[in-house]
Structure formats: structure tokens, C-alpha cells
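# A closer look at the structure
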Amino acid sequence: METVLQITANGLMLGGLYAMISVGLTLIFGITRVINFAHGEFLMVGMYIVYLITTQLGVHPYASLLLVVPALFVMGALTQKLVIERLRNSDEHVQIFATVGLSIALINLALLIFGADIANTPSSGLRHSVGVGTVGVLTGQLVIFFSSIVLVVGLHLLLTRTRPGRAIRATAQNRAAARLMGINVSRVYVLTFGLGAACVGVAATLVAPLYPASPTIGTYFVLIAFVVVVMGGLGSITGAFIAALVIGLVDAFAGYYLGSDLKEVAVFGIFLLVLIFRPSGLFGARRNLSHVSP
Amino acid sequence: MSTRTLSLPRNRDGWRAPAALAGVLAALFVLPVVIDDAFVYHIFITICIFAGLSTAWNIVGGYAGQLSLGHAAFYGIGAYVGMMLVNAGVTPWLGMFAGGGVAAVVAVAISYPCFRLHGPFFALASIAFLEVFRVLALHFSDVTGGATGMMVPLETGWMWMIFQDRLPSLIIAFGLMLLTLLVAWGLRQHRWGFYLVATRERESAARSAGIGTVKMRLLAVAISAALTAMLGTFHAMYLTFIEPGSVFSLTFSIQIAMFALIGGIGTVFGPLVGTILLVPVTELARGWLGAEAVGLHGFVYGSVLVIAVLFMPDGLMSVLSRFFGAGKTARDEDAAGTPPAPTRTQAQRAPIGDVVLQAEHLDKHFGGLHVTNDVSLTLRKGEVLGVIGPNGAGKTTVFNMLSGFLKPDSGRVSIRGADGHFHSPASPGDFARLQLGRTFQIVQPFAAMTVEENIMVGAFHRHPAVADARRSAREIAHRMGLARYLDDEARGLPIGGLKRLEIARVMAMEPRVLLLDEVMAGINRADLQEAIELVRTIRDSGVSIIAIEHVMQAIMSLSDRVIVINSGEVIAEGAPEDVVRQEAVIEAYLGKESIDAAAQ
Amino acid sequence: MLQLNSVSAGYGAINVLEDVDLSVEAGEVVTIVGGNGAGKTTTLRTISGLVTPSRGEIRFEGKNIAGMASHDIVDFGITMIPEARQLFPDMTVRENLQMGAYRSGAQAGLKQRLDEVVAMFPRIGERLDQRAESLSGGEQQMVAIGRGMMARPRLLMFDEPSLGLAPIIVSQVFEVIGQIARTGTTVLIVEQNVYQTLKAADRGYVLENGRVTMADTAESLLGNDHVRRAYLGI
């Protein structure tokens, strides 16, 4: 029983982490309809920035939030402005390869600069265990979990209660009508891409003290993020949050009962089943089905 | 995507392209032999292997347009099956076929459920499958050796594909690459290649031409996976060591696809060109800069990819073909000026015959909307039936049911076959086999194919051999006034030309029943009379026609009978000049108070 | 107020409009009628900047707005109510109306404007917090018109306002258009429902195959055979 509780706790913590990384991806997809294959590398870049700030300046990792978030916002906005925007009318495969190319370039740039060795951000006490009875989790994990909730709620408020937020939603729901309302649609896309990347910036800051940065760290997380985003219903932020928790639990339980080497089979197996049999996601509306033929 | 290839020279100056190709291929083999340096050999062997892999990938990713980023899975299957068999004492010459067979079966099994997924989602699914394979290969270490990998046994010679010298490896790599190129080239020349590209470009138009689109895609996947696996087997022997991380690798998959993209996705020789250009650059960089610059070649790859899609999205081949096409002479047809308008001899029209198509009580709902309500109609042999009605009345929905694209909620469509009996087909393919052809309201050209190839897709229906289909297509192009465009890509045609092409492709199927969906819309007044004549000619050749049309002049002069559909119901039927005077019809078109207004 | 001088426009290589000349004076109700595919909708889309004209000039109060971005054209006081409503389906009715006043120039007095629109369409007032998608077709059309009014337009363009609506709703829609016109807003309507539109309009243009083939007062177009022919070919 205690084992089950501990695994559940671990699963929820992982879920929070996955949610943190996935909300930006689903936001970007939901609005711009672009799958950002370089999303994981945004995370990687963010983690290295945190690593540099903490080791060079000796500040608490969380303090780097102030720099990482704006930096990632700019990175996302530039990606949209300089790459995606120019490919708006191109074939689909061209758009895919653009972000795939960006991803390869960033991974290898990190390899060139930092080498293949891992880069440990100081944990600053965030790897301390806290818990009730025998069930324990790391402080850093708890921070991530609650921050992910704050992030999801925050994004929701931003999208529903603010003028730019409403412009973003309007553009996603009806691009032509949004233009008729006087919304500068390309600016909305730039803003959205920036916002999505900024979310990854938050994730990177919180993740860095717990996971060592490496050039390929993003590849692992981005695949999970794709699973979460598809399962949650493409573009749905709350859907992604719930799906992240589900995947976190699957990951934790499969890791315990199937062995850590096979847990990925469980995660990707579920992903493929959802993609093939319920492409709208577990919580998505049918409207999101533009990616499948009837 | 450009389908112009170096292999299809049809003009007098066309010797340049094949000569260049032969030169390049010869250089690939001769250069390393002449230089005779181990590193140079290695680079050229690597080029051959990657060119082969990329060409094989291109059959799925380019021809069929299914963007797989998981092709390393098939490569890995080939490598592992070959390796296991070698360790069990079976020569890789057999092992590569075993691996190819397994990969083909696996490819069909995993691709079939994924074909519903578009673009990035197919890519994501293929990545997920690749990850699953990698993890499984790591897990079942009893068979695969797990993370420690597998080695070849220490035996050399042709039997084991392992050599002290480099030359034999080059011979095999070069041979496999030639084989792959030959398959890819042959497939593109074959009817199946046309079908694949047509399916990629416009799936619904391909289905209406009677193409089994799913079957074609599975065929492409199987061929591509088998070739990829065979190259995988050889590569494993060449490397002498494999492990899951490097074999079932996403980066590797992306590289394969990337060479094709940069060379020219969908073209026969684009992948070869892309590989020849990129492999040496990065291998040399790696060789010169050595270990200090780990990641440099990847950075170059990634940056080149981004720059290439931004500035050269059609790949190097489109640049090259512009060069090779520069000396192209005009077609003979051009010299003759515009083709003569189709002429018609008045007396030929046969009397209207028996019923050939019958729709009974068709009902269709979309959500809460009743789009067609109890629609029945009949078409007789040699007759032209006009279908009119305001926007959104449900006319196109009726057409979709008459051609198998939509299943009615209730009601039945039957067609008299060549055997004289009535049949109730279910799919667009079945309708096509009963010689029903249709056009689409929004023209559906296979944009990246030439006009000739577009028409050939229809012609294959009656003429399976490429040469016959081409002859038939040319003849139809002449009849439709499209002769001067034969070698142009369909995407460049003006709207009038596209409308003709839409009809030409259907006519190439030699249909007995023809459904025309607004073929006159958007063509200018001068062409209208010509278009009307064209439809008359078709009718006089014995084809029965149903035409949705908004251009009243056309409907009035062409139709033997007209039905009017409004709000999903047939509200009137009869001779054209009677129907348009009926109150209900005028009201449907002009609004309620029109009758009083007209009376003023 | 608005003047199109030999405007050509289309999609990609396909030219839909050829040499269209058209003018609308302040305070007028003008209609463009014509068969399917004649280019009526494209005309409106070109004026509002969704389609960039390949040739010609579009003058609004003397200033050439041809080729400007749609979000800049909105600032001139030109609003288009698109065909088939085009609401934001997942937003509430209130949010949809707010979007109508999106441009900063229109933000001030948003509350007052909302009250005016609700006063005009009491039915909408009862449904302000429902999702737009859940409304009936007629109600959606009212929201679409309300959304257009939120921008305080000086030129309001309607694209097929009667499409897909029951006859009784159609006459309501035309009543509302009349009401809007009486407040001094200039109106340009594109419609299939020729007779009803011509009755509501001051002047009309007949568009065929992307060209203006007739321009006259609404009254004389009403009795004109040519209009009939443009639609019915008889």
C-alpha cells in the first residue's frame, strides 16, 4: 500500500513536470497549428541559461526566472517571425523540417559549446525530501507541481480576461473573422509563439535544479510532451494538464511494475492508441480533427 | 514538389541530363578506386548507403507524401535480422532478404492504421513507433544483445560481406544504391508511380479515378521498408557492430529524410543529389576538425536544413532541372498555334435510350441539418440532365452520393453496368469501375504533375500500359485544347485550363456516365460557348451526363431535362424552358417577393 | 465616400474581379447583385483588405486604401459582416461583441456600445453569456451584425446576410439593416435575395463574371429584365 502511495506521489510529481513542459507546446499548436519539433530544445536552452546564471553569478536557480523567461519569449517570437511566418503557405513537410532543422542545430550548438557532459545546476536545497509518513517527494518537485497549476490557471486567465488573450483565442477560432475585427493576425502568432516558449522558460528554471542539463535533454521531454498534447486534445491547456498527470502516473507505475526500461513502451503505446483510435484526444472537441481524414 | 526529373528528357536537347547522371554515377565508383585512400573509400561508401536509404525513404516520404521520421526502424530491422542470421551462420546475402521481408510486413502493419493521420501527426506516430522499437531492442537483450550491441563473427570474404579491402564494400554499396535507384525510377515510370503521386496531390480526385489509394500507399511503404532494411543489413556488416541507440535513432531517420528534402523531395534523383552534396561536407569537417568539434557536423546539418527550407523549399533538383531544361525546345504543338476548337457534326446525336443511373429516395443529414431530403432522379442513356438550385441547396451533396463519396442515410443509387444489369456500388472506386466519372466543383488538379500525367491518371483506367495511356492522354488533350500545355505542371494553368483538365482527366477514363459539377463557373464569356460545344461533343459520343450548373445560358442550351433542388428537396423537374418559369423556382432563386415585382 | 476605380483582384493566378468600378456615397444603401461566382464576395473582401487587389485603386474618403492590411482598414471605419456569420464559436456572445470593438480606437465607451447593441437586439441581451455556437442561425446573424456595429463603422458591408436563414428571419434581418441605415451609417450589401435587397437599397450594381454589367437606381433595376437574366438566364 505504501508503495502504491509513493508511486502515485511520484507519478503526480512527474505529471506536474510534464504539464509544465507541455502547456507551451499545446498553446503554440492550438493557435498557430504548427507542431514545434524544436520545443524540447527550447527547454534545453533554458536549462543551460539557468546553469550559467547560477554557476557564474551564484544566485538561487529560481532567480534566473527573470532572465530565462524573457529570453525564451524572444527566442520563440523570433522563430515565428523569421522562420514559421515565411513558411505559412508552404507545404506541410517544409514546415515540419523547418522546426526539425532548428532542433538539430540547437542540440549540436549545445554540444559544441558545452560538450556532451552533463551540466549540474546547484540544487540549492531543492532536492530535499519532504513528505507525510513514509511517502516523500522532493521540494523542487512540489514547487513544480504547484507552479504547473498556477501556470495553467494563469494562462487561462490571460486568454479569457485580457485583450491580447481574447485576440489570441479569436484568431485561433476564426482567422478570417479575426482579421475583420482588426486583429493583426501575424502579430498574434508571434505573440503566441513567444508566450509558448516563455512557458518553457518557466519550466526550464524549475526543472534545472532537479535534472542535469545535457544537449539531448529536450529530446526525451519533447516526446513525452507530444504524447501529453495529443492526449489532452490538441490546443487544450486544461486537457494537457490532465493528460500530463495521467502520463505521469502511467510512467511511474509502468516504471515500477514493468521495469524502467519498458515504461516508455507503455507511454508511447498509449500515445499511438490515442492517435489512431481517438485522434481528438481524450478531452478534445471534435473540431480539433483537422489532422485526420474522416 | 517538382516531378520533373533528369530521367524524363522528351526534347531533342535532352541528352544532357542522362549524361550528367551517368557521369555522376561513374564518378561515385571510379573516384575512390583511383584515389585509393581508406578515408575516401569510406566517404564514398557512406554516400552510396545514404543515397540508397534516402532514395528508399523518398518512395514513402516523397512519392506518397507520408512524412516518415521513423525510417530507422526499418533500417534497424534489416540490421538486426541480418546480424542475428549471420551469427547463426546464415549469409547476409540471404539475411538481407529476410530482413527486407520482415521490414515490409512490419511497415504495412504499422502504417495501415496511421494513414488517416496528416503531415506532422504521421511524423509523430512514426517517431513513436521508432522509440518503441528502440526500447524493445534494448529490453530483449537475449536476442539483440541489448545495450552492449552485437558484433559480426570474425569471418571475412564475399560470403559474409566483410572484407579487409575497401573495394568489395564499395562494389556492394554501389550495387545496392543502383538497385534502389532503379526501383525508385521504375516505380515512378510505372502506373503505380502515377497513382502514388496522384494520391498525394489530391486524394479524392485519385479515388474518383478508381485508384485504391490505401493499397497504393501500403505498396509504397512495403517497397521502401524492404529496400531500407536491405541497406541496413549491409551497413551492419560494413560497420561490424550495431547497438539499439545508434540503429533505431531519430537523428538517423531525420538525416535520411533531410538528404531527400534538400535534394528535391518526390523527385527520382533528388535524394542522390542531396546526399552527394551533404555527406562529404560533413564527413570532411569531422575529419579535419576532429574531436574538438563534436556537434559541428550536426550544427551544419541543422542550419543547412533551416536555410534550405526557407530559400530552396523545392530542393536542389528544381534548380538543376531549370539548368538542364534551359535548352528545351518548344513542343511541336506550339508551333501549330492554338489547337482547333472541337468541331461537331450536327447529325450524329443518338436518340435518348434506357435508364443508366437511378437514385431513389436519397436522404442525408449532417448533424442536425437535413441536407438532402428524399431526392430521386433518373438519367437515361445519351441524356443531359441539368441540376440547378441556389447556393447551399444540397446539389454537391447529391453528387457526392451519386459517386460514392458519401453514403446516403437511406435510399439507393444504382448504375447499369456494361453487362446490362443494375449494380449498387459502395466506394468511389466501385463507381469508377462501373465507368462513372465525376469532376469536382473546386478543381482538383494533381498540381505537381504535368498536364499529360494528370490525364494519364484517368487514362490508366482503360489503358494499364504507360505507353497506351500516354497516347490516349495526348489524344484527349488535343480534343480538349490542352495540347500546348502537355508538359506544363498543372499548378501553372489558368482557371479555364484547369476546368478543361478536370474534364479531360475524367474523359480519359472513358466514362459512360459523367457528373459535371459547375464546370462552367468562372470561365469567361468567350470560352463559354466553346465549353458548351465541348459538353455537346461528349454527349454525342454516347456519354450520359448530369451537370450541376449556375451558368444559366449553359443549362438552358445543353439540358434535355432539368431538376431544381432547393433546401435539399427536388422542387421542380421538366424541360428547361418550362422549369425556369415555375413560381417555386423563381422564388427559390430571387426571393419571395419576386413574383409580384416581376409582375410590375 | 467609397470609390473603386478599375479594380482587379483574385486568388493566386485566378482573377475573379476585372476592372470593377463602383462608388458609394455617404448615407447611401448600395447593393451588389449577381449570380453565384460573379465576384460579389470578392469585391467586399478586397475592400476590407482580406484580398489584395492586383490592379486599380480603392479610395475611401479620398485616401487610397488598396493593398493596406485589413487591420488598418478597420481603423478607417470600414467593417464587414462576413457570409455565414463567422462568429468565434467558443467565445461567449459578450466576448464576440467585445471583439467587434477590438481596435484601440474603439475601446472607449465599450460598455455604452454594448448597451446600444443589446437595445437593438433584445434577444441577444438574454444570451450574452452563452457560447456563440449554441445560438440559432438567426440569433447568430444578429450577433454578427451586433459585432459589426460595435466598431461604430461608417461603412458597414454585409455579405449575404440572408444565407441559410428562414424567410421570417430574413425579413427581420432586412428590417435591422434598414434601421442601421436610418442612423446614418452607409451600407453596402451583397445578396442573392435580389428583390428584397433592391427594395431596401437606393442604388444597385449587377456583377457578372467579375465585371459590372449594370449600375442604376434600385427602383429601375427591380423592373429590369437584365437582372432576371443574370440569375435565371431567361
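These notes cover the structure that comes with them. Predicted model only: the values in this text are computed from it and were never measured.

## Section: the pairing of strand S6 (residues 410-416) of chain B
Residue and element names in this part refer to chain B. Here strand S3 (residues 355-366) pairs with S6 via five bridges, running antiparallel. Bridge pairing in S6 places Asp363 opposite Ser410. The sheet contact formed by S6 and strand S7 (residues 422-423) spans two bridges and is antiparallel. In the sheet register, Ile415 faces S7, and the bridge partner there is His423. Between the antiparallel neighbours S6 and S7 lie five residues, among them Gly420 with a positive phi of about 90°.

## Comments concerning the side chain of Ser8(C)
Residue and element names in this part refer to chain C. With respect to the helices, strands and loops of the structure, Ser8 is situated in strand S1 (residues 2-11). Taking the relative accessible area as the measure of exposure, Ser8 reaches 4% and is therefore buried. At 3.2 Å, the side chain of Ser8 forms a polar contact with the backbone nitrogen of Asp19.

## A few points about the packing of helix H6 (residues 163-173) of chain A against helix H8 (residues 185-207) of chain A
Residue and element names in this part refer to chain A. Orientation of H6 relative to H8, taken along the N-to-C sense of each, is 105°, at an axis distance of 10 Å. By the angle class used here, H6 and H8 are roughly perpendicular. Within the contact between the two elements, H6 uses Pro164, Ala167, Ile168 and Thr171 and H8 uses Val185, Val188, Tyr189, Leu191, Thr192 and Leu195. Class assignment of the residues belonging to the contact of H6 with H8 gives a composition of eight nonpolar, two polar and no charged.

## Some words on the pattern of salt bridges
Tallied over the full model, the rule gives 37 salt bridges over all chains. Here Glu530(B) ties to Arg500(B) by a salt bridge, and the two come within 2.7 Å at their closest N and O atoms. Within this pair, whereas Glu530(B) is found in helix H22 (residues 525-540), its partner Arg500(B) is found in helix H21 (residues 495-507), the two being separated by 30 residues in sequence. For Glu530(B), a relative accessible area of 30% gives the class partly exposed. Between Arg152(C) and Glu116(C) there is a salt bridge, with its nearest N and O atoms 3.1 Å apart. In this pair, Arg152(C) is assigned in the loop between helix H6 (137-149) and strand S7 (155-159) and Glu116(C) in helix H4 (residues 110-120), connecting sequence segments 36 residues apart. Residue class for Arg152(C) comes out partly exposed when judged on its relative accessible area of 45%.

Quick notes on the rules
Residues numbered from 1 in each chain as written. Chains lettered and ligands numbered in written order. Predicted model: local features only at pLDDT ≥ 70, side-chain atom pairs only at ≥ 80, totals over all residues. Heavy atoms only, no water. Pairing = 2+ DSSP bridges. Helix = DSSP H or I, 4+ residues; strand = E, 2+ residues; numbered from the N terminus. Buried < 20%, exposed > 50% of the residue type's maximum accessible area, 1.4 Å probe, protein only. Polar contact = N/O pair within 3.5 Å; in protein donor to acceptor, adjacent residues only side chain to side chain. Axes fitted to C-alpha atoms, helices over the stretch in contact; angles between N-to-C directions. Parallel < 35°, antiparallel > 145°, perpendicular 65-115°, else oblique. Contact = heavy atoms within 4.5 Å. Nonpolar A, V, L, I, M, F, W, Y, C, P; charged D, E, K, R; others polar. Salt bridge = Lys/Arg side-chain N within 4 Å of Asp/Glu carboxyl O.

Everything listed here is a matter of geometry and, on its own, says nothing about what the molecule does.
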